[in-house]
Amino acid sequence: MPAWLPRAMVLALALYACFRLGSWAFDQLIGLLINVLIAFFLALAIEPAVGRMSARGMRRGLATFLVFLMVLIATAGFVVLLGSMLAGQIVDMVEGFPKYLDSVINWVNQNFHTELSRVEVQDSVLHSDWLQKYVQNSATGVLDISTTVIGGLFRLLTIFLFSFYFAADGPRLRRALCSVLPPARQAEVLRAWEIAVDKTGGYLYSRSLMALISGIAHYILLVILGVPYAPALAIWVGLVSQFIPTIGTYLAGALPMLIAFTIDPWYALWVLGFVVVYQQFENYGLQPKLTSKTVDIHPAVAFGSVIAGTAFMGAVGALIAIPAVATLQAFLGAYVKRYDVTDDPRMHGRHQQRGEPALTRLRRSWRTAESDDARNGQDRIPEPESPERA
């Protein structure tokens with residue numbers, strides 16, 4: 001056995017063990033890393049407001065606390081208003097459910113010549129096997145739901161704590177990061193940080209603008225249909241559909257449909273159709289254009305980044321994909337060398353004329369080269385005397 005083989009085997013086993021240990025640690029900390037990533041982008045989103053307040057003499061910690069307090073108050077007020085509205089509508093729907101049931105039973109009896117009654121239908125539903133199984137499964141799943149809610153609250157608290165530290169100690173964090181880098185790298189890190197703040201703020205602005213447009217459009221529909229609480233429902237649709245990725249559209253449209261159903265079941269179908277049509281218009285018309293204007297990326301890149309982010313990280317990836325791609329594109333754009341584009345008809349979508357002799361094209365190219373050389377003070381390149389010589 002060669003003398004180096006045992007050492008090579010030990011080194012290979014050590015590297016493999018380090019790889020497995022790193023993989024295990026990454027799997028265990030993936031949740032924490034995602035929370036830190038969300039907190040970092042949240043800190044970038046509130047950085048402009050904190051920076052303005054800090055520039056006026058306020059401490060960054062106090063400025064960050066005030067920004068989070070305003071966001072928390074606005075969120076709590078909206079949730080309380082929406083909860084009271086939803087509770088009232090559920091009570092009205094439960095009280096009016098016998099009327100809806102009687103109307104449905106009368107329609108069935110008239111069209112299918114049956115003799116159903118509401119009491120018989122209620123007894124059959126209450127004593128059905130599927131209802132009893134559903135109640136049993138719901139009772140056993142209460143503990144799982146409670147655990148999920150507690151875990152979600154703990155995750156939300158973790159995100160807010162990290163984002164508060166990132167925003168309040170932003171300058172200190174940048175100094176600590178730049179202290180381990182040479183001066184040239186420090187300038188690049190600071191430039192990347194500034195680009196990330198601008199792109200994240202632009203993305204937040206585009207989402208807020210789309211929420212406003214969506215809220216106005218749905219408010220007009222709800223007012224035309226005479227659905228109550230139209231302003232609150234419009235705000236709900238605008239915010240939930242834009243700031244909750246993937247499933248936000250369906251959550252946003254479910255509540256107006258439920259309240260419209262309490263007035264007239266056909267109104268619920270109208271709301272459903274409008275939500276579907278507007279969602280298509282937003283996905284393929286409004287969102288790509290607004291996102292490309294505010295974060296300065298192509299609409300196809302914006303759409304593809306959302307799909308890729310969803311594939312990699314789910315809802316979180318869909319939420320932060322566009323600002324992350326915009327930041328990366330703007331940062332790498334400074335290192336891409338660009339050239340002047342030649343004046344060719346094909347650059348403008350036009351094709352060259354067919355049937356043009358090759359000698360004519362060759363003479364044109366020679367004349368262009370001759371004029372360029374004359375401007376540059378170079379020697380003239382002789383023109384070919386005959387087609388055969390050419």
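Values in this document were obtained by computation on a predicted structure and should not be read as measured data. (Residues numbered from 1 in each chain as written. Predicted model: local features only at pLDDT ≥ 70, side-chain atom pairs only at ≥ 80, totals over all residues. Heavy atoms only, no water.)

### Some points on the overall build of the protein
Along its length, the protein carries 13 helices and zero strands. Listed N to C, the secondary structure of the protein is α-α-α-α-α-α-α-α-α-α-α-α-α in terms of helices and strands. For the protein, buried positions account for 27% of its 390 residues. Taking as baseline every contact in the protein between residues at least 6 positions apart, the subset at least 24 positions apart corresponds to 62%. (Helix = DSSP H or I, 4+ residues; strand = E, 2+ residues; numbered from the N terminus. Buried < 20%, exposed > 50% of the residue type's maximum accessible area, 1.4 Å probe, protein only. Contact = heavy atoms within 4.5 Å.)

### Quick look at the confidence of the model for the protein
Looking at the protein, pLDDT values average 76 and 75% of them are 70 or higher. Mean pLDDT values over the elements of the protein span from 54, in helix H13 (residues 358-376), up to 88, in helix H1 (residues 4-55). Here residues 378-390 is modelled with pLDDT under 50, and outside its nearest four sequence neighbours on either side it reaches 14 contacts, counting other chains as well. (pLDDT = per-residue confidence, 0-100.)

### A look at the side chain of Glu-282
By the element assignment, Glu-282 lies in helix H10 (residues 265-295). It turns out Glu-282 is buried and unbridged, and the closest side chain with the opposite charge, Arg-207, is 5.5 Å from it. (Lys, Arg positive; Asp, Glu negative; His and termini not counted. Salt bridge = Lys/Arg side-chain N within 4 Å of Asp/Glu carboxyl O.)

### Section: the nonpolar core
Among the nonpolar cores identified, the biggest contains 20 residues, and Ile-38, Leu-44, Ile-46, Val-50, Val-67 and Val-316 are the most heavily contacted of them. The element that contributes the greatest number of residues to this core is H1, accounting for nine residues. In this structure, Leu-222, Val-227, Val-240 and Val-271 belong to the second largest nonpolar core, which totals 16 residues. (Core = buried A, V, L, I, M, F, W, Y, C linked by side-chain atoms within 4.5 Å.)

### Examining the pattern of salt bridges
For the structure shown, the criterion picks out two salt bridges. For the salt bridge of Arg-60 with Glu-47, the shortest nitrogen-to-oxygen distance reads 3.1 Å. Placement of Arg-60 in helix H2 (residues 60-112) and of Glu-47 in helix H1 is noted, with a sequence separation of 13 residues between them. With respect to burial, Arg-60 and Glu-47 carry one shared label: buried. Between Arg-185 and Glu-188 there is a salt bridge, with the nearest N and O atoms lying 3.2 Å from each other. Here Arg-185 and its partner Glu-188 are both found in helix H7 (residues 183-225), three residues apart, which amounts to about one turn of the helix.

### Observations concerning a nonpolar patch on the surface
A surface patch of nonpolar side chains, amounting to about 580 Å² of accessible area, comprises Leu-212, Ile-216, Tyr-219, Ile-220, Val-223 and Ile-224. Following the sequence through the fold, Tyr-219 ends up in helix H7. (Patch = residues over 30% accessible without salt bridge, like charges linked within 9 Å, V, L, I, M, F, W, Y side chains within 5 Å. Areas by Shrake-Rupley, 256 points an atom, 1.4 Å probe, with all protein chains shown as cover.)

### Quick word on the packing of aromatic side chains
The full count for this structure, using the stated rule, is nine aromatic pairs. On the numbers, 6.1 Å between centres and 85 degrees between planes, the contact of Phe-40 with Phe-166 is edge-to-face. Of this pair, Phe-40 sits in helix H1 while Phe-166 is found in helix H5 (residues 142-168), placing the two residues 126 residues apart along the sequence. For Phe-40, a relative accessible area of 26% gives the class partly exposed. When the ring of Phe-274 is compared with that of Tyr-278, the centres are 6.2 Å apart and the planes differ by 15 degrees; the resulting orientation is stacked. On the criterion of helical spacing, the pair formed by Phe-274 and Tyr-278 is a turn pair, its members being four residues apart in helix H10. When its relative accessible area of 27% is taken as the criterion, Phe-274 is described as partly exposed. (Phe/Tyr/Trp six-rings, centres within 6.5 Å; stacked < 30°, edge-to-face > 60°.)

### Quick look at the environment of Phe-303
Within the element layout of this structure, Phe-303 appears in helix H11 (residues 299-313). Look at Phe-303 and you get partly exposed, because its relative accessible area is 43%.

### Considering helix H6 (residues 170-178)
Because the α-helix completes a turn every 3.6 residues, residues three or four places apart line up on one side. Taken as a whole, H6 has its buried residues at Gly-170, Arg-174 and Cys-178. All buried residues of H6 fall inside an arc of 65 degrees around its axis, so they share one side. Among the exposed residues of H6, those pointing more than 90 degrees away from its buried face are Arg-172 and Arg-175. (Arc of directions from axis to C-beta.)

### Examining the packing of H1 against H7
For the pair H1 and H7, interaxial distance at closest approach is 8 Å and the crossing angle is 85 degrees. With respect to each other, H1 and H7 are oriented roughly perpendicular. Of the residues in H7, those touching H1 at Phe-40, Phe-41, Leu-44, Ala-45, Glu-47 and Pro-48 are Trp-193, Ala-196, Val-197, Thr-200 and Leu-204. Across the contact of H1 with H7, the residue classes tally to nine nonpolar, one polar and one charged. (Axes fitted to C-alpha atoms, helices over the stretch in contact; angles between N-to-C directions. Parallel < 35°, antiparallel > 145°, perpendicular 65-115°, else oblique. Nonpolar A, V, L, I, M, F, W, Y, C, P; charged D, E, K, R; others polar.)

### Topic: the side chain of Thr-64
Within the secondary structure layout, Thr-64 lies in helix H2. Looking at Thr-64, its side chain comes within polar contact range of the main-chain oxygen of Arg-60, at 2.7 Å. What Thr-64 contacts, discounting residues up to four positions off in sequence, is Ile-46, Val-50, Phe-164, Ala-167 and Ala-168. (Polar contact = N/O pair within 3.5 Å; in protein donor to acceptor, adjacent residues only side chain to side chain.)

### Regarding the packing of H7 against helix H8 (residues 230-243)
Their axes nearest at 7 Å, the elements H7 and H8 cross at an angle of 145 degrees. H7 and H8 meet at a crossing whose hand is right-handed. Where H7 approaches H8, its residues Leu-204, Arg-207, Ser-208, Met-210, Ala-211, Ser-214, Gly-215, His-218, Tyr-219, Leu-222 and Val-223 are matched on the opposing element by Ala-230, Pro-231, Leu-233, Ala-234, Val-237, Gly-238, Leu-239, Ser-241, Gln-242 and Phe-243. Grouping the amino acids of the contact of H7 with H8 by side-chain chemistry returns 13 nonpolar, seven polar and one charged. (Left-handed = near helix turned anticlockwise from the far one by under 90°.)

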